[in-house]
Amino acid sequence: MQKLLAFIDASIYSRSVCEHAAWVAGRCGSTVELFHVIGRRETGEARQNLSGNITLGARSALLAELASLDEERGRLAQKRGRAILEDGEELLRAAGAKEVTTRLRIGDVVETACDFEAEADMVMIGKRGEAADFAKLHLGSNLERVARAIKKPLFVASRGYQEPQTFMMAYDGGSSSMKAVDYVARSPLFAGLRCHLVTVGADTPEVRKSLESATAMLSAGGYSIETEVLQGPPEAALSEAVTRKGIDLLVMGAYGHSRIRSLIIGSTTTEVLRLCKIPVVLFR
């Protein structure tokens, strides 16, 4: 891995994003490009005409005042954004990241991720942002939009950082989960971590054969694999297994040919992200 894109804001998840980004960079020898994106509304670019039906002279004066307020708001938003990036860079370097660059952008997080993902190997974002309702366990709106839009692996950082020692792969035999297996087998990111390979559904010879195929690929990459066929609704079964096994990191394909696939495009993946309190790496 040569470059990781990491997105931060003023939420409590941004510290975790920086600490997880430093961990990835340390294991893979990658650079970190740290982004903060200022929404157009914050800069006044999307300003509405609030003057209303008033006399022409008053309207002109009010528009001038609004323009001045918008200019000040934009200036403060950029100052705030630079401060967020400076704090993030300091956190990354304190956590051991060697090569860090920062970018302050005006626009949309999804557009920015799509514009820059071609030059990166992985994208990282927090599970929730500034506007998400943690009490109701709402996921950040940018997370779901980014997960739909980008093609590179997406690392979803949890609220707190703990250096991973184990990871679990949710495998269903689909193309995205096969891509995840191939990536894990080749990448230094997961090297040395204990691996648990699981699927959800009926424990049939066909399912066991599929698991054996994935196990062979991972074993060739140097992993000692523990496999299990879980029963029940995928989101609940995976969440329970994460807790029961003390898993630190969950890896799964965002698409497949079973119910495990419907994370971002349906309810299962969203529920897995919502219920699991650990980082999740998604593959398309």
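For clarity, every value in this text was computed on a predicted model and none was experimentally measured. (Residues numbered from 1 in each chain as written. Predicted model: local features only at pLDDT ≥ 70, side-chain atom pairs only at ≥ 80, totals over all residues. Heavy atoms only, no water.)

A look at the packing of aromatic side chains
Tallied over the full model, the rule gives five aromatic pairs. Relative to phenylalanine 190, the ring of phenylalanine 167 lies with its centre 5.1 Å away and its plane at 50 degrees, an arrangement referred to as tilted. Of the two residues, phenylalanine 167 is situated in strand 6 (residues 166-170) and phenylalanine 190 in the loop between helix 6 (175-186) and strand 7 (194-200); the sequence distance between them amounts to 23 residues. An identical accessibility class is assigned to phenylalanine 167 and phenylalanine 190; each is buried. Taken together, Phe7, Phe35 and Phe116 form an aromatic cluster joined through their ring pairs. (Phe/Tyr/Trp six-rings, centres within 6.5 Å; stacked < 30°, edge-to-face > 60°. Helix = DSSP H or I, 4+ residues; strand = E, 2+ residues; numbered from the N terminus. Buried < 20%, exposed > 50% of the residue type's maximum accessible area, 1.4 Å probe, protein only.)

A short note on empty space enclosed by the protein
Tallied over the entire structure, the rule returns one cavity of 30 Å³ or more. Of the voids in this model, the largest cavity is the one considered here, and its volume is about 50 Å³. What lines the largest cavity is simply Ala147, Ile150, Lys152, Pro153, Leu154, Ala254, Leu282, Phe283 and Arg284. The class makeup of the residues in the lining of the largest cavity is seven nonpolar, no polar and two charged. (1 Å grid on protein atoms, 1.4 Å probe; cavity = no way out; pocket = protein on both sides within 12 Å on 5 of 7 lines; lining within 4 Å. Points joined across faces, edges and corners; volume = space filled by probe spheres on them. Nonpolar A, V, L, I, M, F, W, Y, C, P; charged D, E, K, R; others polar.)

Brief notes about the nonpolar core
In terms of nonpolar packing, the biggest core is built from 44 residues, with Leu92, Phe167, Met169, Phe190, Leu218 and Val251 touching the most fellow members. Per-element accounting of this core gives the leading share, eight residues, to helix 1 (residues 13-28). If near-sequence neighbours (up to four positions away) are discounted, valine 251 is found in contact with Phe167, Met168, Met169, Ala170, Ala180, Val184, Phe190, Val281 and Phe283. Residues Phe35, Ile125, Val146 and Met252 belong to the second largest nonpolar core, which totals 35 residues. (Core = buried A, V, L, I, M, F, W, Y, C linked by side-chain atoms within 4.5 Å. Contact = heavy atoms within 4.5 Å.)

Re the confidence of the model for the chain
Across the chain, the average pLDDT comes to 85, with 84% of residues at 70 or higher. Looking at the elements of the chain, mean pLDDT is at its lowest for helix 2 (residues 40-43), recorded as 68, and at its highest for strand 1 (residues 3-7), recorded as 97. Scored below 50 in pLDDT, residues 256-266 makes 44 contacts in the model with residues more than four places away or belonging to other chains. (pLDDT = per-residue confidence, 0-100.)

Let's talk about the sheet that holds strand 4 (residues 122-126)
Spatial ordering of the open sheet is given by 3-2-1-4-5-10-9-6-7-8, a layout of ten strands whose pairing is mixed. What marks the edges here is a single partner per strand, and that holds for strand 3 (100-107) and strand 8 (225-230). Within this sheet the neighbouring strands show an average axis-to-axis angle of 20 degrees, counted without direction. In this structure, strand 6 lies alongside strand 9 (residues 249-253), joined through four bridges in parallel fashion. (Pairing = 2+ DSSP bridges. Axes fitted to C-alpha atoms, helices over the stretch in contact; angles between N-to-C directions.)

Observations concerning the pattern of salt bridges
Side chains carrying opposite charge are able to pair once their charged atoms draw close together. Under the counting rule described, the total for this entry stands at 14 salt bridges. The salt bridge partner of glutamate 228 is lysine 245, with a shortest N-O separation of 2.8 Å. Here glutamate 228 is found in strand 8, whereas its partner lysine 245 is found in helix 8 (residues 234-245), with 17 residues between them in sequence. On the basis of relative accessible area, glutamate 228 is assigned to the partly exposed category, the value being 21%. A relative accessible area of 18% means that lysine 245 is categorised as buried. Sharing partners across several salt bridges, the network here consists of Glu226, Glu228, Glu240, Arg244 and Lys245. (Salt bridge = Lys/Arg side-chain N within 4 Å of Asp/Glu carboxyl O.)

Side note on the side chain of serine 14
In this structure, serine 14 sits in helix 1. We classify serine 14 as buried; its relative accessible area is 9%. With sequence-adjacent residues up to four places away left out, serine 14 is seen in contact with Ile8 and Asp9.

Points about helix 5 (residues 141-149)
Because each turn of an α-helix spans 3.6 residues, side chains separated by three or four positions end up pointing in the same direction. Along helix 5, the residues classified as buried are Leu143, Glu144, Val146 and Ala147. Down the axis of helix 5, the buried set is contained in an arc of 165 degrees. They therefore lie on one face. (Arc of directions from axis to C-beta.)

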